[in-house]
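# Examination of the molecular architecture
Chain by chain, the residues:
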Amino acid sequence: MNRKPPPPPRTGPPSVRPAPPRSLAALRAKARQCRACPLWKPATQTVFGEGPDDASIVMIGEAPGDREDLAGHPFVGPAGKLLDRALAEAGIDRGRLYLTNVVKHFKFERRGKLRLHQRANAAEQAACRIWLDAELLRVGPSRIVCLGAMAAQAILGRAFRLMRQRGRWFELGDGTRAMATVHPSWLLRLRRDEERTQAYAGFVRDLGSLKDPSAAGATRR
């Protein structure tokens, strides 16, 4: 089956893009050698994106956590398990998605035996942006789902405000549609049962729009 050519790079901060290799496997191998920022030093390994190389939907998180760093796969820790549950309730097959993160190494602070997640700073995000751009170029999705503010601003611009604009579809310059919602790790941090239940229902509702994004229309970016 003939596939349409990959779309041009997405919106968001400019970056220096590598010459894309012929496959995601080759791109993944190159990313393992990345030394563009210091995050590779304490991390166990690069956690690259995974999923079908012709996926119509790419889901982008912020950065790998402790479990992902140890396993070498995205979204396998507590937040990933919650994402799996929400996707199932929304009627979406995770196996058909390409899942990745803005940043490919785990940034953390040690507290005794614990490794506590830290947010990657602007320089670290910029250094890693070449890999996200190359993934999007290779997969060529028709829709992008951003989980959390970091991913949302990487795709939809720095002015994007997650809690005001979540769940809405935006049309990017190349015709790709993008939507942002909360990161499942945010849901895990909510303490009150009622608040967590309502927030989770909203998360499932946002994901459910993947089945028919045209129903809500799309605002052009």
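Quick look at the structure, then. Please read all numbers here as calculations on a predicted model, not as lab measurements.

Our next topic: the overall build of the chain. When helices and strands are tallied, the chain shows 8 helices and 8 strands. For the chain, with 221 residues in total, the buried portion stands at 49%. Across the chain, the fraction of contacts at a sequence separation of at least 24, relative to all contacts at a separation of at least 6, is 75%. Summed over its atoms, the accessible surface of the chain is roughly 11,200 Å², and 52% of this surface lies on carbon and sulfur atoms.

Turning next to the pairing of strand β1 (residues 57-61). Among the 5 residues in β1, 5 count as buried, and that is most of the element. Burial of β1 is two-sided: the residues I57, M59 and G61 facing one way and the residues V58 and I60 facing the other way are all buried. Bridge count for β1 against strand β2 (residues 97-101) is 5 bridges, and the pairing is parallel. Along β2, the bridge assignment pairs V58 with Y98. Pairing of β1 with strand β5 (residues 143-147), which is carried by 4 bridges, proceeds in the parallel orientation. Counted as the bridge partner of I57 is R143 from β5.

So, on to the side chain of E135. Within the secondary structure, E135 is located in helix α4 (residues 122-139). Looking at E135, the relative accessible area reads 1%, which means it is buried. Within the structure, E135 has its side chain in polar contact with the side chain of T100 (distance 2.9 Å).

For α4, which comprises 18 residues, the first-to-last C-alpha distance of 25 Å matches the rise-based estimate of 26 Å (1.5 Å per residue) to within 8%. Its axis deflected by about 40 degrees at C128, α4 carries its strongest bend there. Taking burial as the measure, the 18 residues of α4 include 13 buried ones, the bulk of the element. The backbone nitrogen of A123 has a side-chain oxygen 3.1 Å away, supplied by the residue at the start of α4, namely N121. Looking at the residues trailing α4, positive phi occurs at G140, about 65 degrees.

Turning to the nonpolar core, a few remarks are in order. Formed by 37 residues in total, the largest nonpolar core has its most connected members in I60, V102, V103, W131, I144, I155 and L156. Contributions of two or more residues to this core are made by α1 (24-31), β1, α4, β5, α5 (149-156) and β7 (177-181). Per-element tally for this core: the top contributor is α4, with 8 residues. Among residues more than four places away in sequence, those in contact with V103 are L39, E62, A63, P64, A120, Q125, C128 and M150. Within the second largest apolar cluster, 24 residues are counted, among which are M59, L87, L99 and V182.

A word on the packing of helix α3 (residues 78-90) against helix α8 (residues 193-208). At a closest axis distance of 9 Å, the pairing of α3 and α8 adopts a crossing angle of 60 degrees. For the element pair α3 / α8, the angle class is oblique. The element α3 and its partner α8 pack so that their crossing is right-handed. When α3 is examined against α8, the residues L82, L83, R85, A86, L87, E89 and A90 are found in contact with a partner set consisting of Y200, F203, V204, L207 and G208. Residues belonging to the contact of α3 with α8 are distributed by class as follows: 9 nonpolar, 1 polar and 2 charged.

Pairing geometry for strand β3 (residues 108-111) and strand β4 (residues 114-117), over 4 bridges, is antiparallel. Among the inter-strand pairings, E109 is bridged to a residue of β4, identified as L116. Linking β3 back to β4 in an antiparallel pair, the connection comprises 2 residues, with G112 at a positive phi of about 65 degrees.

Criteria and thresholds
- Residues numbered from 1 in each chain as written.
- Predicted model: local features only at pLDDT ≥ 70, side-chain atom pairs only at ≥ 80, totals over all residues.
- Heavy atoms only, no water.
- Helix = DSSP H or I, 4+ residues; strand = E, 2+ residues; numbered from the N terminus.
- Buried < 20%, exposed > 50% of the residue type's maximum accessible area, 1.4 Å probe, protein only.
- Contact = heavy atoms within 4.5 Å.
- Areas by Shrake-Rupley, 256 points an atom, 1.4 Å probe, with all protein chains shown as cover.
- Pairing = 2+ DSSP bridges.
- Polar contact = N/O pair within 3.5 Å; in protein donor to acceptor, adjacent residues only side chain to side chain.
- Expected span 1.5 Å × (residues − 1).
- Bend = angle between axes of the 7 residues up to and from the residue.
- Core = buried A, V, L, I, M, F, W, Y, C linked by side-chain atoms within 4.5 Å.
- Axes fitted to C-alpha atoms, helices over the stretch in contact; angles between N-to-C directions.
- Parallel < 35°, antiparallel > 145°, perpendicular 65-115°, else oblique.
- Left-handed = near helix turned anticlockwise from the far one by under 90°.
- Nonpolar A, V, L, I, M, F, W, Y, C, P; charged D, E, K, R; others polar.

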